[in-house]
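Each chain, letter by letter, is given below.
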Amino acid sequence: MKTVAQVVVIGGGVVGCSILYHLAKNGWTDVVLLERMELTSGSSWHAAGGLFTVVRPNAAAEIHKYTFQIYRELEKESGQDCGLHVTGGINICRSQEEMDSNAMMQSACRRLGIESHFISLDEAREKVPLLDTSHMLGALWEEEGGHVDPASATQAFAAAARQLGAEIYRHTPVTATHQRSDGSWDVDTDKVSIHAEYIVNAAGLWGREVAAMAGIELPLMPVEHHYLITEDLPIIENLGFELPQINDNETGVYARQEGMGLLLGAYESPCTHWAVDGTPLDFGHELLDEDLSRMEWNFEKSVELMPCLGDAGIKRIINGPMIFSPDLGPLIGPHPQLSNYFCANGVMAGFNQGAGIGRALAEWIIQGEPEIDIFCWDVARFGAWADKSYTRQTTRYFYQNRSEKVYPYQEFEVGRPIHKPAVYDRLSEANAVFGSSFGHEHANWFAAPGVEAKDSLTYRQPNWWKPVIDEGKRIRNELGLMEFSTMAKFEVSGSAAGRWLDFVMANKMPNLGRMTLSPMLSAKGRLAGDFSIARIDEDRFMVLGADTMQLAFMRHFDRYLPEQDVVLKNLSTEFGGLHICGPNAQALISRLAQADMDSAHFPFMSARSMTIGNIDKVLVFRVSFTGESGYEMYLPMQQQLALFDLLRSEGENLGLGLVGTRALMHTRLEKSFPAWALELSPDYTAVEAEMDRFVSLDKPDFVGRDAVIDYAPAREKFVTFSVDAGECALWGDEAIFLDGEPAGYVTSGGFGPLTEKHIALGYVSCDAYQITGQYSIEILGKLYPAELHLEPLYDPAGAKMRA
Ligand SMILES: Cc1cc2nc3c(=O)[nH]c(=O)nc-3n(C[C@H](O)[C@H](O)[C@H](O)COP(=O)(O)OP(=O)(O)OC[C@H]3O[C@@H](n4cnc5c(N)ncnc54)[C@H](O)[C@@H]3O)c2cc1C
């Protein structure tokens, strides 16, 4: 056995074996996998192995697609049959809402060339003669669907990894992990200790136990999951072809052919947690006690759809555990608290996602970053607020509501509230409809008095459409007051603070009393963050960015943080924020600030700590994301209420009204201002996202500089459209067509409050892009004419925000 390796992967399920394979395939062959029993001794051996590719968001679709496509190659490379059946897949639509949901997925998947199309009920019956289509409105056909044999697929990854030089030690449980002072790890087993540069926790059902060995807690919770296999069915025996993968999302059921019978699995309600306090160490190739009564509702709905099930005998019932994160998505990537420690946990659909996750982790370990933006599954998306109780509540909720559709802008009540801003009760009294971001409650919009403060859920125009437009008009014409704590807020101080920020950020740092906008780049020149940075004192800066990214940002900062002369503090929860925006904002701040606030003394992009009313040391930043004159104010959360009351009473005769963050997101569309996670993400270079004007190549050195100099030609072009969408709504992920052919995709959409136009921001491939030509955007299966705008629809010169 080796005692030294570059990487030790802990866990020989499909995910661990895929990571090992991808490391070796990418040239890192001095890698070891440790498995406590036989390979597949967790969830992997009893999986149903179903495969599908039409999913959202885009990163998930890319990972599903890659995983689906690798099995053939893997079979050739390993010499091991994966038991792959490429049958295609059918998504059953029982309602118009499900048709809409599928139409949105179909449009979103065009970006990756994932082929799907709606089929008629007759075609659905041809493909699945078992169906009673009277319960259906339609169906979406996906070309890349099917199933694999789980044990064989896992063994194929293992065999291919071994052939490339990787080593696998079975019956070798990891008993402890210790980090050395240089960041490397000692991995103890019952036989030897292996010294490794990196470790990967791919321990599946035991992810929590292996994490605890390194002193960390992962938000994971196992649940029980049933599927059954019927006796042979005559209708299947007489088919002459293999049935496709069947997804009946509205009933939480998936089905496929198994031999001459049917395999039918369900996301049961109620969800039953398993091993809440820890997965037994002696659990292995066992199953849990079956309880088919939990599947009763799902089964009855399936009999309605496939009546032959009504008389089918049941050959086998599987009740196996699988382990989930709070939103049921995987937890992958470098753990934010530990260097050289990678997570590959909570993988919900290892046979759909295992290869893509393996590829992404291998890139992350070897190259320092994955090739695609995978933040939707990043372990850093949950903070300490995602504790055991939260994880228990959310896994239960999302598991048993798997049959519910997810709507644009949908907020989930489960597990909330966690952190409330000091002005929460004031917002509540004003009938705020709250959302949550990284555990922070914030007002999305305000319902009229007497109206229920709740979002309606639809793919068309929801109940908040008009109120948000009205709030946007208030920002454009008078004055809006917004609770604004949902920003990641970092204080960087110390004698080397400016020098260090100049190195981690791509733009030059501002002078005292000024602000700047700066992208943060990865070593490969991709966007890693987008910040407003204010210089409060010579050696003290405030750095503001996307709230949800705060642990991911900290992880990036920590890579480059010197041991002394720079103090970095994450004040995101401690500090509250308020934002005033609109043509009357300057009048209001002038009334209250004990400083000259006219544009000559406090011009656009000024920053200062000042007294507002009788509240000292308020950090006031003159910036704008709405396109109007605006001031963001930050202060310790305990003082937020006093400042809020002051602004509100003094602003009354200036037309001040409360506005929510959705109004901000819609007004910025009129300015074509890009937002993090939508237009800006690691999927783009600074040039593609048109952020290169904030990259200071005249600085001698900063992270990503070499990559910027060597940028390959841009692949995509950032674009703005107004769309003749009538009563529809644009949400993001819709396909953009040029002269009838797919040419790009929308990243965010909405309605401009002043321009009164549907607006879409997005990207068009540089190969396709033209200024002339007939653009259109696909909304719920129909194409709507779109007009390309070469500059923002509102105040392109930016005079308003500078006034
Ligand atoms: C009933 C059921 C049906 C499913 N159907 C599908 C499906 O149709 N399609 C799909 O894609 N997915 C499906 N899944 C999900 C799929 O099974 C999982 O996503 C996948 O198996 C997770 O793989 P893993 O490698 O992360 O974990 P696991 O398979 O749990 O593997 C973890 C491995 O780590 C080892 N290990 C743990 N601790 C240690 C230690 N200390 N030292 C060394 N080794 C250790 C374990 O022995 C185990 O072999 C299903 C799951 C269930 C339960």
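Before any of the text, the structure's been laid out above.
Residues numbered from 1 in each chain as written. Predicted model: local features only at pLDDT ≥ 70, side-chain atom pairs only at ≥ 80, totals over all residues. Heavy atoms only, no water.

From N to C terminus, the chain includes 19 helices and 38 strands. Its C-alpha radius of gyration of 27 Å places the chain within 12% of the 28 Å reference for a compact globule of 803 residues. Each principal axis of the C-alpha distribution contributes one length, and for the chain these read about 80 × 65 × 50 Å. A burial count over the chain gives 63% of its 803 residues as buried. (Helix = DSSP H or I, 4+ residues; strand = E, 2+ residues; numbered from the N terminus. Rg over C-alpha atoms; globule rule 2.2 N^0.38 Å. Buried < 20%, exposed > 50% of the residue type's maximum accessible area, 1.4 Å probe, protein only.)

For the rest of this paragraph, the subject is helix H5 (residues 150-163). The terminal C-alpha atoms of H5 lie 20 Å apart, and with 14 residues this matches the ideal 20 Å at 1.5 Å per residue to within 8%. Here H5 lies mainly inside the structure; 10 of its 14 residues are buried. Pro150, Ser152, Ala153, Thr154, Ala156, Phe157, Ala158, Ala159, Ala160 and Ala161 are the residues of H5 that are buried. Where the residues of H5 are buried, they touch helix H1 (14-25), helix H2 (58-78), strand E9 (167-169) and helix H9 (350-367). (Expected span 1.5 Å × (residues − 1). Contact = heavy atoms within 4.5 Å.)

This next bit is on the sheet that holds strand E28 (residues 575-581). Strands pair in a sheet through their backbones, by hydrogen bonds, and they do so in one of two ways: parallel or antiparallel. Strand order in this open sheet of 6 strands is E29-E30-E31-E28-E22-E32, and the pairing throughout is mixed. The open sheet is flanked by strand E29 (607-612) and strand E32 (656-658), the only strands paired with a single partner. Going from strand to strand, the sheet's axes swing by 30° on average, the running direction of each strand aside. Here strand E22 (residues 479-483) pairs with E28 via 4 bridges, running antiparallel. Along E28, the bridge assignment pairs Leu481 with Ile580. Strands E22, E28, E29, strand E30 (615-621), strand E31 (630-636) and E32 of the sheet are contacted by helix H16 (residues 640-651), whose axis makes an angle of about 15° with E28. (Pairing = 2+ DSSP bridges. Axes fitted to C-alpha atoms, helices over the stretch in contact; angles between N-to-C directions.)

The subject of this paragraph is the pattern of salt bridges. For the structure on display, the rule yields 44 salt bridges. The partner of Glu73 in a salt bridge is Lys25, with the nearest N and O atoms 3.3 Å apart. With Glu73 in helix H2 and Lys25 in helix H1, this residue pair connects regions lying 48 residues apart in the sequence. The class of Glu73 is partly exposed, set by a relative accessible area of 38%. (Salt bridge = Lys/Arg side-chain N within 4 Å of Asp/Glu carboxyl O.)

Note on soluble globular proteins: their nonpolar side chains tend to be buried together. With 59 residues, the main nonpolar core has Val7, Val9, Ile19, Leu23, Tyr71, Phe157 and Val200 as its most contacted residues. In terms of residue count, the dominant contributor to this core is H2 (9 residues). Apart from residues no more than four positions distant in its own chain, Leu23 is found in contact with Val7, Val9, Trp28, Val31, Ala362, Ile365 and Ile366. Ranked by size, the runner-up nonpolar core spans 56 residues in total, among them Leu664, Ile736, Leu780 and Leu788. (Core = buried A, V, L, I, M, F, W, Y, C linked by side-chain atoms within 4.5 Å.)

With that settled, consider the site of the ligand. Taken together, the neighbourhood of the ligand is formed by 40 residues, with Glu35, Arg36, Ser44, Val347 and Gly350 sitting nearest. At 2.8 Å, a backbone N or O of Gly50 approaches an oxygen atom of the ligand. Residue Asn352 places a side-chain N or O atom 3.1 Å away from an oxygen atom belonging to the ligand. Across the complex, the protein chains shield 96% of the 1,000 Å² of accessible surface that the ligand would expose by itself. Elements represented by at least two residues in the shell around the ligand include exactly H1, strand E13 (221-230), strand E17 (314-324) and H9. Of the residues in the shell around the ligand, the class split is 21 nonpolar, 17 polar and 2 charged. (Near = heavy atom within 4 Å. Polar contact = N/O pair within 3.5 Å; in protein donor to acceptor, adjacent residues only side chain to side chain. Areas by Shrake-Rupley, 256 points an atom, 1.4 Å probe, with all protein chains shown as cover. Nonpolar A, V, L, I, M, F, W, Y, C, P; charged D, E, K, R; others polar.)

Time to look at the side chain of Gln586. Relative to the assigned elements, Gln586 resides in helix H15 (residues 585-592). With residues up to four places along the chain from it excluded, the contact list for Gln586 reads Met597, Asp598, Ser599, Arg622, Ser629, Tyr631 and Ala803.

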